[in-house]
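Chain by chain, the residues run as shown.
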Amino acid sequence: MKIIGTGRANPAKIVTNAMLEEFLDTSDEWIRERTGMTERHVISSEKLEDLATEAALKAIENAGVTPADIDYIICSNVVNEYITPGLSCIIQGAIGAKCACVDVNAACSGFIYALDMADDRIKSGKAKTILVVAAEEPTRMVDWKDRSICVLFGDGAGAAVVTEGDALIGSRLTTVSKTECLHYVRTLEPTPYITKEEEAKPMYMNGREVFKTAVLSSSRDIRTLLDEAGLQPADIKYYILHQANMRIIEAICGQLKLDMSHFPTNVAHYGNTSSASVAILLDELNRDGKLQKGDKLVLSAFGAGFTTGACIIEWTK
Ligand code: COA
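Worth saying up front: this structure is predicted, and the values here are computed from it rather than measured.

## A word on the sheet that holds strand β5 (residues 100-104)
- A sheet is described by the order of its strands in space; here 5 strands give the open sequence β1-β7-β6-β4-β5, paired in mixed fashion. Taken across any chain shown, the strands that pair with only one partner, and hence form the sheet edges, are β1 (2-9) and β5. On average, each strand axis in the sheet is inclined to that of its neighbour by 15 degrees, with strand direction left out of account.
- The sheet contact formed by β1 and strand β7 (residues 156-163) spans 7 bridges and is antiparallel. Bridged to Ala 9 within β7 is Ala 157.
- Along the sheet, helix α3 (residues 48-63) makes contact with β1, β6 (129-136) and β7, crossing β1 at roughly 140 degrees.
- Each of β1, β6 and β7 is contacted by helix α10 (residues 276-287), which is oriented at about 105 degrees to β1, the strand it contacts most.

The following block contains the structure:
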């Protein structure tokens, strides 16, 4: 496959660190030092499916195709207001496409899992032009009274249109079941027969454990992919990493012995937007004219599961 268009959409409401200081025992200084974040976009009146649709339409326009050309939609999503149907089905109706749709939940790695699935589907000859959307509202999963977690997240959607091509140089997906580290549990509707105990709780995260695992697994994925492709770290123009935390990105940069010029970031302005983060950053680079034909890019993300996804792509647009 190759990427031929990208798009993004973010909620209008911007919540600064100073605004968080108003109701949490926190400080701008603590948040900036520990995370690199200064503000984040947070859903207020918007619906996630509308942001997803806006990102999708922008990607379709950027690709120079029409919704009628899309013959498969994959949406990466962890939560939204609908349990069913999948967000991909809602996007399909909103953009006026007519094709099969599926949602994937691989937490923050979801956009890369979805790209990998799109490549498989194109290789199998079952689809030619695929819309991949990552739309997330993690601010709806956290306890807004818990300073250790609610400051970290933002909401948004990113999208890419992919079609036949040879631009995926390599990809690597891993999953290690480690649910105790990061999870969010909800209760379902009661029935007359339920006897087991169930409890709805906001997202739980062991921040330090996630930090360590993220740095080690992402660096390992990248090194493995570079070795397999016979590339050196400096051959990659940009490492487009999951924007979870500036210190995680700096640590991965250090592991690869590169300088930060290879690591574009936007975590300062968006916070952690889960699987949308890599897609949003890719779109920013594309629209800012920072990507040239022939550039090699690494996409790498990690998240609950514990899942990781990484790939090397050549920019062909
Ligand atoms: N403001 C002020 N103080 C805060 C705070 C906040 N928002 N959140 C936590 N603290 C306090 C803690 O209570 C603790 O205080 P104590 O020493 O008096 O007990 C202190 O800061 C240190 O907390 P700790 O959790 O050890 O901080 P940390 O340096 O590990 O940073 C994270 C916390 C969450 C920023 C960091 O662990 C992290 O980035 N983890 C990865 C998270 C991530 O990427 N998740 C997404 C995965 S997809």
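What follows picks up the thread again.
## Here's the deal with the pairing of β5
- Relative to β5, strand β4 (residues 72-76) is paired through 5 bridges, and the arrangement is parallel. Across the sheet, the residue bridging to Ser 76 is Val 104, located in β5.
- Between the parallel elements β4 and β5, the chain passes through helix α4 (residues 87-95) in a crossover that is right-handed.

## Quick notes on α10
- Here α10 spans 16 Å end to end across 12 residues, near enough to the 16 Å set by a 1.5 Å rise per residue.
- Inspection of α10 places Ala 276, Ser 277, Val 278, Ala 279, Ile 280, Leu 281, Leu 282, Asp 283, Glu 284, Leu 285 and Asn 286 among the buried residues, and these make up the whole buried set.
- Following α10 by one or two positions, Gly 289 has its phi on the positive side, about 70 degrees.

## Focus: the packing of aromatic side chains
- Taken as a whole and assessed by the stated rule, the structure comprises 2 aromatic pairs.
- Ring centres of Tyr 239 and Phe 263 lie 4.8 Å apart, and the angle between their planes is 10 degrees; on these two criteria the pair is classed as stacked. Placement of Tyr 239 in strand β11 (residues 238-241) and of Phe 263 in the loop between α8 (246-255) and α9 (267-270) is noted, with a sequence separation of 24 residues between them. Exposure class is identical for Tyr 239 and Phe 263. Each is buried.
- Sitting over the ring of Tyr 72, Arg 121 keeps its end group 4.1 Å from the ring centre.

## Some words on the site of the ligand
- Near the ligand lie 23 residues; those nearest to it are Thr 26, Arg 34, Arg 147, Arg 208 and Asn 245.
- The side chain of Asn 245 places a nitrogen or oxygen atom 2.5 Å from an oxygen atom of the ligand.
- Broken down by secondary-structure element, the contributors of at least two residues to the shell around the ligand are α2 (28-35), α6 (147-150), α7 (207-229), α8 and β12 (296-303).
- The element contributing the most residues to the shell around the ligand is α7, with 4 residues.

Parameters and conventions
- Residues numbered from 1 in each chain as written.
- Predicted model: local features only at pLDDT ≥ 70, side-chain atom pairs only at ≥ 80, totals over all residues.
- Heavy atoms only, no water.
- Pairing = 2+ DSSP bridges.
- Helix = DSSP H or I, 4+ residues; strand = E, 2+ residues; numbered from the N terminus.
- Axes fitted to C-alpha atoms, helices over the stretch in contact; angles between N-to-C directions.
- Contact = heavy atoms within 4.5 Å.
- Right-handed = clockwise from strand over helix to strand, strands pointing away.
- Expected span 1.5 Å × (residues − 1).
- Buried < 20%, exposed > 50% of the residue type's maximum accessible area, 1.4 Å probe, protein only.
- Phe/Tyr/Trp six-rings, centres within 6.5 Å; stacked < 30°, edge-to-face > 60°.
- Lys NZ or Arg CZ within 6 Å of the ring centre and 35° of its normal.
- Near = heavy atom within 4 Å.
- Polar contact = N/O pair within 3.5 Å; in protein donor to acceptor, adjacent residues only side chain to side chain.

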